[in-house]
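# Structural overview for review
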Amino acid sequence: MTAFWTEPDYDDHELVQLVHDRASGLTAIFAIHSSHLGPGAGGTRFWHYPDPKDAMRDALRLSRGMSYKNAMAGLPMGGGKAVILADENRNKTPEMLAAFGDAVDALGGRYVTAEDVGISEADMVAVAARTRHVSGLPAAGDDAAGGDPGPFTAMGIYHGIKAAVRHKLGKDSVAGIHIAIQGTGSVGGGVAKLLARDGANLTLSDINEDRAAALALELDAETASADAIMGVACDVFSPNALGAILDDAGIARLEAPIVAGGANNQLARAHHGAMLAERGILYAPDYVINAGGIISVTLEHLCREHGDHCDINEVRQRLAQIPERLEEIWQQSDSTGVSPDVVADRMAQKLIGR
Ligand code: NAD
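Starting from 1, residues in each chain are numbered consecutively following that chain's sequence as written. Local features in this predicted model are restricted to residues of pLDDT 70 or higher, and side-chain atom pairs are both shown and tallied only at a pLDDT of 80 or more, whereas totals for entire chains, interfaces and linings draw on every residue. Excluding hydrogens and water, the side-chain figures rest on all heavy atoms present in the structure.

The number of helices and strands found in the protein is 13 helices and 12 strands. Each radius of gyration is computed over the set of C-alpha atoms, and the globule rule expresses the reference value as 2.2 Å times the number of residues to the power 0.38. The C-alpha atoms of the protein give 20 Å as radius of gyration, which agrees with the globular expectation for 354 residues (20 Å, within 12%). Overall, the protein is about 55 × 45 × 40 Å in size when its C-alpha atoms are taken along their principal axes. To sort residues, take the accessible area from a 1.4 Å probe on protein chains only and compare it with the maximum for the residue type: under 20% means buried, over 50% means exposed, and anything in between is partly exposed. Scored against the burial criterion, the 354 residues of the protein give a buried share of 52%. The long-range fraction of contacts in the protein, counting pairs at least 24 apart against all pairs at least 6 apart in sequence, stands at 65%. By element, 49% of the accessible surface of the protein is carried by carbon and sulfur atoms, the whole surface being about 15,300 Å². Counted as positive: Lys and Arg. Counted as negative: Asp and Glu, with His and the chain ends omitted from the count. One atom stands in for each charge, and that atom is NZ of Lys, CZ of Arg, CG of Asp or CD of Glu. With 30 positive and 47 negative side-chain charges, the protein shows a spacing of 3 Å between the two charge centroids. Secondary structure elements are defined from DSSP: runs of H or I of at least 4 residues count as helices, runs of E of at least 2 residues count as strands, and each element is numbered from the N terminus. Two residues form a contact once any of their heavy atoms are found within 4.5 Å. Accessible areas in this description were obtained via Shrake-Rupley with a 1.4 Å probe; residue shielding takes into account the shown protein chains only.

Structure below.
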């Protein structure tokens, strides 16, 4: 087996650690990409990987993505990620979560964890019994930050879509703008509700067709099949399900002048950002537009560390800065001819001293 540090996804990560606990059966990988701006922060993914090399690749790629996301969100945090290698049946036990909490604690605050795919708020509460280096815990009241990051991510994307519509189409409102949404889960569903409130025309799609249909009924929206959504002629295509959907075939199918959504790692390969630009499609870099969740969990964590009340309005103010950051990226892209994803990467790299 090749050493992971010779893999293309290894990017001078500061720490990569495998933890195995025989008693509970926990196997986890911790990756800290950069701590230039603060402790590595990023969620824990609980996933079954038929090939463990994919778990390592996820830990390396996702932790680097968190360095960029936290830096661009102006947060005093570096980039980290944990991946728990689940078995085929995705068995998750209290003992496993306790062992995971101990492993986070042993890192002494170099890594702060939170929810990601396969990890719930209740799981984070269990982890918090073993370590204080954890966030995404239930909010302490209606006016307090905390809890499920999904709605905050959705709010940031809503602001970002409005900014994209302003930049590309010169319109100050999304009323009457046709937006195709891929994925109607925690993030996509939240984005749809916010846009519907403003009078946008929505086409919704989910592989869980009942979920998309129920939301469409509630919001008076259209639906499209999971196969068709990327080819819907519309003003904005908003991916809120899977990563790597913007590949050669996906980009060729797009019938929208804007791509702006919350899915992580939307570009299949680095050159796909340029391919979007060549087609005249405005792209909102994913880790900039989808930073709402990490903004919420980070502010919650910092407040708890300092024993302060964390006002939800502070989170809302930070979310409202996402459009400014996007606008700066698009303006630089317009004036230099460099695609927005590369402009964003360069900004992020400068911020983390790379
Ligand atoms: P979720 O599991 O709540 O929802 C995802 C939805 O996408 C599900 O309803 C699923 O059925 C649907 N889906 C899966 N494949 C699909 C396909 N091919 N076509 C249409 N629908 C499909 O997850 P979520 O929390 O809403 O996250 C969505 C995306 O946003 C993920 O890429 C995630 O990494 C990213 N993200 C989430 C957050 C957050 O705060 N939750 C933050 C940043 C980024």
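After that view of the structure, there is still more to cover.
Looking now at the sheet that holds strand β9 (residues 222-223). Paired strands, in this sense, are two strands between which DSSP finds at least two bridges. On the basis of which strands lie adjacent, the open sheet formed by 6 strands has the order β9-β8-β7-β10-β11-β12 and parallel pairing. Edge positions in the sheet fall to β9 and β12 (282-283), since each has one partner strand and no second. Relative to strand β11 (residues 258-259), strand β10 (residues 236-239) runs parallel, the two being bridged by 2 bridges. Residue pairing across strands places Val 236 opposite Ile 258, the latter belonging to β11. Note on method: axes are straight lines fitted to C-alpha atoms, helices fitted across the in-contact stretch only, with angles between N-to-C directions ranging 0 to 180 degrees. Running at roughly 165° to strand β8 (residues 201-205), helix α6 (residues 209-219) makes contact with β8 and β9 of the sheet.

Moving on, we come to helix α12 (residues 322-336). Relative to the 21 Å expected for 15 residues at 1.5 Å per residue, α12 spans 21 Å between its end C-alpha atoms, a close match to the ideal helical length. For α12, the set of buried residues is Ile 322, Pro 323, Arg 325, Leu 326, Ile 329, Trp 330 and Ser 333. Burial along α12 is one-sided: seen end-on, the buried residues are contained in an arc of 160°. The exposed set on the far side of α12, more than 90 degrees from its buried face, consists of Glu 324 and Ser 335. To estimate the expected span of a helix, subtract one from its residue number and multiply by 1.5 Å. The reported arc concerns the directions from the helix axis to the C-beta atoms and nothing else.

Along its sequence, the protein is organised into domain 1 (4-66 + 76-128) and domain 2 (150-289 + 323-351). Residue ranges for the domains originate in an automatic or database domain assignment. A straight line from the C-alpha centre of domain 1 to that of domain 2 covers 28 Å.

Lining residues are defined by having an atom within 4 Å of a point belonging to a cavity or pocket. Those points lie on a 1 Å grid over the protein atoms alone, cavities being sets where a 1.4 Å probe fits but cannot get out and pockets being open sets with protein on both sides within 12 Å along at least five of seven lines. Grid points are joined across faces, edges and corners, and a volume is the space filled by probe spheres set on the points. According to the stated counting rule, one finds 2 cavities of 30 Å³ or more in the structure shown. In this structure, the second largest cavity encloses a volume near 50 Å³. Lining the second largest cavity are Ala 41, Gly 42, Met 77, Val 112, Thr 113, Ala 114, Ser 135, Ile 294, Val 297, Thr 298 and His 301. The leading source of residues in the lining of the second largest cavity is helix α10 (residues 292-306), at 4 residues. Split by residue class, the lining of the second largest cavity holds 6 nonpolar, 5 polar and no charged. Three categories are distinguished: nonpolar for Ala, Val, Leu, Ile, Met, Phe, Trp, Tyr, Cys and Pro, charged for Asp, Glu, Lys and Arg, and polar for the others, with Gly belonging to the last.

All right, on to the layout of surface pockets then. Over the atoms a probe the size of a water molecule is rolled, and this reveals where empty space is left. The computed volume of the second largest pocket comes to approximately 680 Å³. Counting residues per element, the ones that place at least two in the lining of the second largest pocket are α1 (52-72), α9 (286-289) and α13 (340-351). The element that contributes the greatest number of residues to the lining of the second largest pocket is α1, accounting for 7 residues. Considered class by class, the residues forming the lining of the second largest pocket number 11 nonpolar, 6 polar and 9 charged. Counting contributing residues per domain, the lining of the second largest pocket is built from domain 1 (4-66 + 76-128) and domain 2 (150-289 + 323-351), each supplying no fewer than three.

Attention shifts here to the packing of α12 against α13. Where α12 contacts α13, the axes come no closer than 9 Å and their chain directions differ by 115°. The two elements α12 and α13 meet at a crossing, and its hand is right-handed. Of α13, the residues touching α12 (which contributes Glu 328, Ile 329, Trp 330, Gln 332 and Ser 333) are Pro 340, Val 343, Ala 344 and Met 347. Along the lines of polarity and charge, the residues of the contact of α12 with α13 split into 6 nonpolar, 2 polar and 1 charged. Crossings are sorted by hand: turned counterclockwise from the far helix by less than a right angle, the near helix makes the crossing left-handed, and turned clockwise it makes it right-handed.

Phi is positive for Ala 244, which is not a glycine, with a value near 60°. Within the secondary structure, Ala 244 is located in the loop between β10 and α7 (248-253). Of note, Asn 265 is a non-glycine position whose phi angle comes to about 55°, a positive value. By the secondary structure assignment, Asn 265 is in the loop between β11 and α8 (272-278). Judged by relative accessible area, which is 29%, Asn 265 ranks as partly exposed.

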